[in-house]
Structures are given as structure tokens and as C-alpha cells.
Amino acid sequence: MNIILSGFFATIACLYHQIHIFWFIGLLAGWVWIDGQLNLRRGLIFVLTFVIAPVAYFAVIVFYLHQSLTIYNILHFVLHDYYTGAAGNHVGMNNFLLGGINFIRTFYQAHGQIAVMVKNNKLWLFPGILALGLFLYAVVCISRGKDLTTFKKLSNLDVVVKAHILIFILQLLFAVYNIGNAEFMVMLPALLAIILAKAGWFPAKLFALMAVSLLIWNFSYGIYPNNQLHFNADDKVTQFIIDHPNDKFIAAEPAEVLNQYYYQKGHWPVNVWPGPKYFQLHAPLAELASKIDSTLKRGGNVYTDCEGRPLVMSRETYQEEMFFTFGPTMEPISSYETEAGKHIIFKLSK
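Residues numbered from 1 in each chain as written. Predicted model: local features only at pLDDT ≥ 70, side-chain atom pairs only at ≥ 80, totals over all residues. Heavy atoms only, no water.

## Quick notes on the pairing of strand β5 (residues 341-349)
Here's step 1: Summarising the sheet, strand β3 (residues 302-304) and β5 pair through three bridges and their orientation is antiparallel. Within β5, the residue paired with Thr-304 across the bridge is Phe-346.
Here's step 2: Pairing between strand β4 (residues 329-338) and β5: nine bridges, direction antiparallel. By the bridge assignment for β5, Tyr-336 is matched with His-343.
Here's step 3: The hairpin formed by β4 and β5 contains two residues between the paired strands. (Pairing = 2+ DSSP bridges. Helix = DSSP H or I, 4+ residues; strand = E, 2+ residues; numbered from the N terminus.)

So, in C-alpha cells, the structure goes:
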């Protein structure tokens, strides 16, 4: 029964987000290799629970997307993020650079907004000092062996720890492959806590110190500012698009704008184009230039905030290299004050 429940919940997790396939693989390996002995029967029972996933996928393809069940449609639905480039499809220096940076900020949020917050008010330094102080104290205790339990070799660990170590490694490798995508690392802290706690390497009070440190840091620099402070004016940009339904808008952050638009109107906007960084990944940049040119020649209006956003460093801004270098004149027409500076909307013209 435990095998069936394990497979069932692992499958439900995969339906919630495909990134959980690594949990499924790791748990499968655990059931197959319990106590170092191969048991394919347990693995088969675990895998059989996965039948829920294709049934759900087929139902979505047929009844929601109204497509036929062809190999092409199934693959492009299941591997949508891969085909669109959203899940990464190449390896370069940025993978390892951003992978290392985002591994750290998976535990301690390190958004560019922190620099803006401290610049605006030096009191924002204190939560960071307190959080880092607690963390460093825990590290010193560990390094000195204070309250440190016996370290077990990997070969002596039980199957639960080994399975979660495998999940941790697979999750981290895929995140690095996806140019250090922090979203795919979000489960690493929970995995690490499971591994360390189950392995019995460190006492609970050191975990408590680190947990309090994480809470102080991430609440102060992540949860609170994202809820109460505004480092851009995407809500104002969305309202601008709603107020100009007959004009085209090139959005620097289309996901934010599209989601806010859909939340307010109940449908997706037809007058929003993604910015240059989207076309750099998915289509020739000349395609965007052609859209702009044809709209302006017809006498239509084109607006954008691609060059008017406040500068808050992030993975995306680090990778951006080009903007509107192909011709249109940009005239600022609206400006919104944010915590990070002015968020400007420009009108394009020839």
C-alpha cells in the first residue's frame, strides 16, 4: 500500500508541475534498490500508478485544447517548455555562473531589489546582519564539532536519504541546464532539510538557528517587499494597455502584464507583443521590427516600456544585450514613480 500511495502522490505532483518528475525518478530508484537489493516488482507497482498522468494529459489535449491525439500533439504538449526554449536547450558559461548564483539565492533571496531597498533606507541592513549572524553562528558550531553527531558515510545511509540525495542532484543539474533557473531550485532547501535531518548529522537546534535566519532574511528581502513595495509599475502598464485597446504595446515583461490583464478582464489581450528578449530566443528580431514598421505605416500607434523600466538587476537583465537599435524614435509619454525609479512608457514613431 505504501508503494501505491508513494507513486500516486508523486504522479499528482508531476501533474501539478512537470519538474516533479525528478522526485518520481528518485523515489522509483529507492523502491527498486531498497537495502541494496534489486526488486523490480516494487518498481513496477510504483510505475503503474503513473498511468494517471497520460490519462490526464490526453483529457486536456482532447477536451480543453480540442486537438487530436497524435504523437506530435502529445510531445508538444508534454514538452512544451522544452520546445519553446522556456526550459533551456543549450549549455554555456551562463549556465554555471547563474546556476551558482541562484543556488545561493534559493536559500537566501538575493534580488537586485535589496540594493534599492538599502539605498532608499539604511535600516534595511539590520535584518540582513541579524540573519547572517545567526547563520554564521550555526556554521561555526558545525565546524567546531559542537553538538555535531557522528557523520555517516554515504554507503551507510538508509534508502530514504539516498533517494532524496538523487532527487537533489537531478533537480540541481536540470536547474543549471536551464541557465540556473531559480524556479527549478525552489525545492532544494526542503530536500536538503530532509537529507540532513534523516541522516542524523546535525542536531535540531542548529536547524532551528538556520531556519530562523532564513525566515528573517527571506521575509525582509523577499516576502514583505514583494507584497508592500513596488519596484516597477506593471499594474499601471496593464491599465495603460486596457485603456488603449486599439494600439499595440511591446511589453518588457509580457508574463506579468498578460497575467494581470487576464486577471482583470478574463481574457488575453490581442494588442500585446513580447519585447526583444523574447524574439532573441524564439524568432528573428527582424520579425518584431517588421511588426512595428507595418503598424506605423498603417497609421497605428505602438507603445513600449522595454527601455523605460527601472533598473533592478536580475537573471533577465544580466542576459539582455539589445533593445530598440533598429530604427524607431522613442518619445516618453507616461511616467510612473516606483521604489527603484521611474517606469516610463514610450511611443514609437519613424
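## Thoughts on unusual backbone geometry
As a rule of thumb, non-glycine residues mostly have phi less than zero, and peptide bonds are mostly trans rather than cis.
Here's step 1: The residue His-66 is not glycine, and still its phi comes out positive at about 55°.
Here's step 2: Secondary-structure assignment places His-66 in the loop between α4 (52-64) and α5 (71-78).
Here's step 3: In this structure His-66 comes out as exposed when scored by relative accessible area, which is 64%. (Buried < 20%, exposed > 50% of the residue type's maximum accessible area, 1.4 Å probe, protein only.)

## Brief notes about the pattern of salt bridges
Here's step 1: A full pass over the atoms with the stated rule returns two salt bridges.
Here's step 2: Ionic pairing is found between Asp-158 and Lys-198, a salt bridge with its closest N-O pair at 3.8 Å. Taken as a pair, Asp-158 in the loop between α9 (125-143) and α10 (159-177) and Lys-198 in helix α11 (residues 188-199) lie far apart in primary sequence, 40 residues in all.
Here's step 3: Taking relative accessible area as the criterion, Lys-198 reaches 44% and is therefore assigned partly exposed.
Here's step 4: As a salt-bridge pair, Asp-235 and Lys-236 come within 3.7 Å of each other at their nearest N and O atoms.
Here's step 5: Since its relative accessible area comes to 41%, Lys-236 is described here as partly exposed. (Salt bridge = Lys/Arg side-chain N within 4 Å of Asp/Glu carboxyl O.)

## A few points about the packing of helix α1 (residues 2-16) against helix α2 (residues 21-32)
Here's step 1: Between α1 and α2, whose axes approach to 8 Å, the crossing angle comes to 165°. Taken as axis vectors, α1 and α2 run roughly antiparallel relative to one another. Considering only the axes of α1 and α2, their crossing is left-handed. In this structure, α1 uses Asn-2, Ile-3, Ser-6, Gly-7, Ala-10, Thr-11 and Cys-14 to contact α2, whose residues at the interface are Ile-21, Phe-24, Leu-27 and Trp-31.
Here's step 2: For the contact of α1 with α2, the per-class residue count stands at seven nonpolar, four polar and no charged. (Axes fitted to C-alpha atoms, helices over the stretch in contact; angles between N-to-C directions. Parallel < 35°, antiparallel > 145°, perpendicular 65-115°, else oblique. Left-handed = near helix turned anticlockwise from the far one by under 90°. Contact = heavy atoms within 4.5 Å. Nonpolar A, V, L, I, M, F, W, Y, C, P; charged D, E, K, R; others polar.)

## As for the sheet that holds strand β2 (residues 272-274)
Here's step 1: The strand order across the open sheet built from five strands is β2-β1-β3-β5-β4, with neighbouring strands paired in mixed fashion. Every other strand in the sheet has two partners, leaving β2 and β4 as the edge strands with one partner each. Averaged over all pairs of adjacent strands, the angle between strand axes in this sheet comes to 25°, irrespective of strand direction.

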